[in-house]
Amino acid sequence: MQEIKVELTKHPKAKPTDETKLGFGSVFTDHMFIMNYDEGQGWHDPRIVPYGPIELDPSAMCLHYGQTVFEGMKAYRTKDGRILLFRPEKNMARLNVSNERLCIPKIDEAFALTCIEKLVAIDKDWIPTAEGASLYIRPFIFATDAHVGVHPGKHLMFMVICSPSGAYYPEGLDPVKIYVESSYVRAVRGGMGYAKTGGNYAASLKAQDEAEEQNYTQVLWLDGVERKYVEEVGTMNVFFVIGDEIVTPALQGSILPGITRMSAIEILKSWGLKVSERPIEIQEIYEAYQKGQLKEAFGTGTAAVISPIGQLKWGDHVMEINNGKIGEISQRLYDTLTGIQWGTIEDTMHWTVEVK
Ligand code: COI
């Protein structure tokens, strides 16, 4: 295993004084991880250094053609002071799936996880203890070649930064209002929808902006070909409780394979509930709503955790779900998932990994 060099900061920053007001992703810890890739040399020079700006050539390829991938994970502080990660090996595996799609050389998943654990251990005093707050971990890779021709980079950087964060949505566990997007599309099959890459999020900005102007928190994407099938919400996967079936769109290449999505499915099935991963038309959801069968809707994501959806607007149709309140299944799922993550519920699935 390569040695991870550590240079500790000589100027530790002041930590946030009020952890209930952290918001999401705007405060960063004292250190960051960096590793370089150069063709012929592979990934090399893993190091933890003081957090700060990095130098890039103005022609760096990532700035022009978006050869970037990223992940989102969290470190949780338990009441008895332990530090837990949630299924981190799944994030590393997904990072390599994204790498493959973006022509980025694969990383050694186990080694990358060791590096992340070391960074979290060094910055452990930054992990918030306030309820619902955690340390959001953002691994990312980008091409740095100084060259404006379009081709896969031969020089890249893998970095990890950490941000003590609260809820992603200001609404917290209050249901969010979602706008069903019928004009813009996020991804199509054969595109990059299943990869966690900046371009997918760039594609979402305009629709997101317009939805916010109309007072909606995020958009629900429909498929890029027929604008008929439900795909995912901006930063989360989506589930609908229709009658006694819980439905989530099947992964067909244009949807991000969420780790919270996967965990939610496993938890719901362990309760004996019927969960279907299948194509689902927005028309079906509307018809279920009209018949009084659309009982709950919620999103899942690392940042968003479980976010109940209280309203869906599709064209002229406004669907008020569960009177705009969190539903029973959403609440139970939230309690179970966060209970496992914060170590208050026994982790019978063996999903958490302790950082020592
Ligand atoms: C996450 O849930 O970790 C995400 O990556 C969503 C992010 C774009 C905020």
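Computed from a predicted model, the values in this text were never measured in an experiment.

This paragraph deals with the packing of aromatic side chains. According to the stated counting rule, one finds 15 aromatic pairs in the structure shown. Note on Tyr286 and Trp314: the rings are 6.0 Å apart at their centroids and 65° apart in plane angle, and the pair reads as edge-to-face. With a gap of 28 residues between them, Tyr286 in helix 7 (residues 282-290) and Trp314 in strand 16 (residues 305-314) connect regions that are remote in the sequence. Judged by relative accessible area, which is 16%, Trp314 ranks as buried. Pairwise contacts between aromatic rings join Phe24, Tyr136, Tyr168 and Tyr169 into one cluster. If you follow Arg332 out to its NZ or CZ, it ends over the ring of Trp271, 3.7 Å from the centre.

In this section: empty space enclosed by the protein. Evaluation of the coordinates by the stated rule reveals two cavities of 30 Å³ or more. Lining the largest cavity are Gly72, Met73, Lys74, Tyr76, Phe86, Asn91, Ile259, Thr260, Thr302 and Gln341. Among the elements that make up the lining of the largest cavity, the one with the highest residue count is strand 5 (residues 73-77) (three residues). Taken together, the residues of the lining of the largest cavity break down into four nonpolar, five polar and one charged. Each of two domains, domain 1 (5-165) and domain 2 (176-341), supplies a minimum of three residues to the lining of the largest cavity. Within this model, the second largest cavity holds a volume of roughly 30 Å³. Looking at the lining of the second largest cavity, the elements with two or more residues in it are strand 5 and helix 8 (328-341). Among the residues forming the lining of the second largest cavity, the class breakdown is four nonpolar, four polar and one charged.

Moving on, we come to the site of the ligand. With respect to spatial proximity, the complete set of residues near the ligand consists of Phe70, Gly72, Tyr136, Arg138, Tyr168, Lys196, Tyr201, Thr235, Thr302 and Ala303. Between the ligand and Tyr136 there is a distance of 2.6 Å, counted from an oxygen atom to a side-chain nitrogen or oxygen. The backbone of Ala303 places a nitrogen or oxygen atom 2.8 Å from an oxygen atom of the ligand. Relative to its unbound accessible surface of 280 Å², the ligand loses 90% to contact with the protein. Partitioning the shell around the ligand into residue classes produces five nonpolar, three polar and two charged. No fewer than three residues from each of domain 1 (5-165) and domain 2 (176-341) sit in the shell around the ligand.

The next subject is unusual backbone geometry. Within the chain, Asp45 stands out as a residue other than glycine whose phi angle is a positive 60°. A positive phi angle, near 60°, is found at Val305, a position not held by glycine. Here Val305 lies in strand 16.

Our focus in this paragraph is the domain arrangement of the protein chain. For the protein chain, the domain assignment lists domain 1 (5-165) and domain 2 (176-341). Contacts between the two partners involve 21 residues from domain 1, matched on the other side by 22 residues from domain 2. Buried area between domain 1 and domain 2, both sides added, is near 1,900 Å², and the carbon and sulfur share of it is 60%. For domain 1, the biggest contributors to the area lost against domain 2 are Phe86, Arg94 and Arg101; these three give 34% of the whole. Ionic pairing is found between Arg87 and Glu266, a salt bridge with its closest N-O pair at 3.5 Å. Scanning the region where domain 1 abuts domain 2 turns up 11 residue pairs in polar contact (both at pLDDT 80 or more). Elements that contribute at least two residues to the side of domain 1 that touches domain 2 include exactly strand 4 (68-70), strand 5, strand 6 (83-86) and helix 2 (88-101).

What follows covers the packing of helix 2 against helix 3 (residues 109-122). It is the contact of helix 2 with helix 3, at a shortest axis distance of 9 Å, that shows an interaxial angle of 125°. Between helix 2 and helix 3, the crossing angle belongs to the class labelled oblique. The crossing of helix 2 and helix 3 is right-handed. Along its contact with helix 2, which presents Pro88, Glu89, Met92, Ala93 and Asn96, the element helix 3 presents Glu109, Ala112, Leu113 and Ile116. For the contact of helix 2 with helix 3, the class distribution of residues is six nonpolar, one polar and two charged.

Contact geometry of helix 6 (residues 259-270) with helix 8 gives a least axis separation of 11 Å together with a crossing angle of 110°. Regarding the angle of helix 6 to helix 8, the classification is roughly perpendicular. At the point where helix 6 passes helix 8, the crossing takes the right-handed sense. Here Thr260, Ser263, Ala264, Ile267 and Leu268 of helix 6 lie close against helix 8, whose contacting residues are Ile329, Leu333, Thr336, Leu337 and Ile340.

In this section: the environment of Asp123. As for its position among the elements, Asp123 is in the loop between helix 3 and strand 7 (134-143). Look at Asp123 and you get buried, because its relative accessible area is 2%. As for Asp123 and Cys162, which are separated by 39 residues in sequence, their C-alpha atoms are 8.5 Å apart. Setting aside chain neighbours within four positions, we find Asp123 in contact with Thr29, Asp30 and His31.

Reading the values: the criteria
- Residues numbered from 1 in each chain as written.
- Predicted model: local features only at pLDDT ≥ 70, side-chain atom pairs only at ≥ 80, totals over all residues.
- Heavy atoms only, no water.
- Phe/Tyr/Trp six-rings, centres within 6.5 Å; stacked < 30°, edge-to-face > 60°.
- Helix = DSSP H or I, 4+ residues; strand = E, 2+ residues; numbered from the N terminus.
- Buried < 20%, exposed > 50% of the residue type's maximum accessible area, 1.4 Å probe, protein only.
- Lys NZ or Arg CZ within 6 Å of the ring centre and 35° of its normal.
- 1 Å grid on protein atoms, 1.4 Å probe; cavity = no way out; pocket = protein on both sides within 12 Å on 5 of 7 lines; lining within 4 Å.
- Points joined across faces, edges and corners; volume = space filled by probe spheres on them.
- Nonpolar A, V, L, I, M, F, W, Y, C, P; charged D, E, K, R; others polar.
- Domains from an automatic or database assignment.
- Near = heavy atom within 4 Å.
- Polar contact = N/O pair within 3.5 Å; in protein donor to acceptor, adjacent residues only side chain to side chain.
- Areas by Shrake-Rupley, 256 points an atom, 1.4 Å probe, with all protein chains shown as cover.
- Contact = heavy atoms within 4.5 Å.
- Buried area = accessible area lost by both parts, 1.4 Å probe.
- Salt bridge = Lys/Arg side-chain N within 4 Å of Asp/Glu carboxyl O.
- Axes fitted to C-alpha atoms, helices over the stretch in contact; angles between N-to-C directions.
- Parallel < 35°, antiparallel > 145°, perpendicular 65-115°, else oblique.
- Left-handed = near helix turned anticlockwise from the far one by under 90°.

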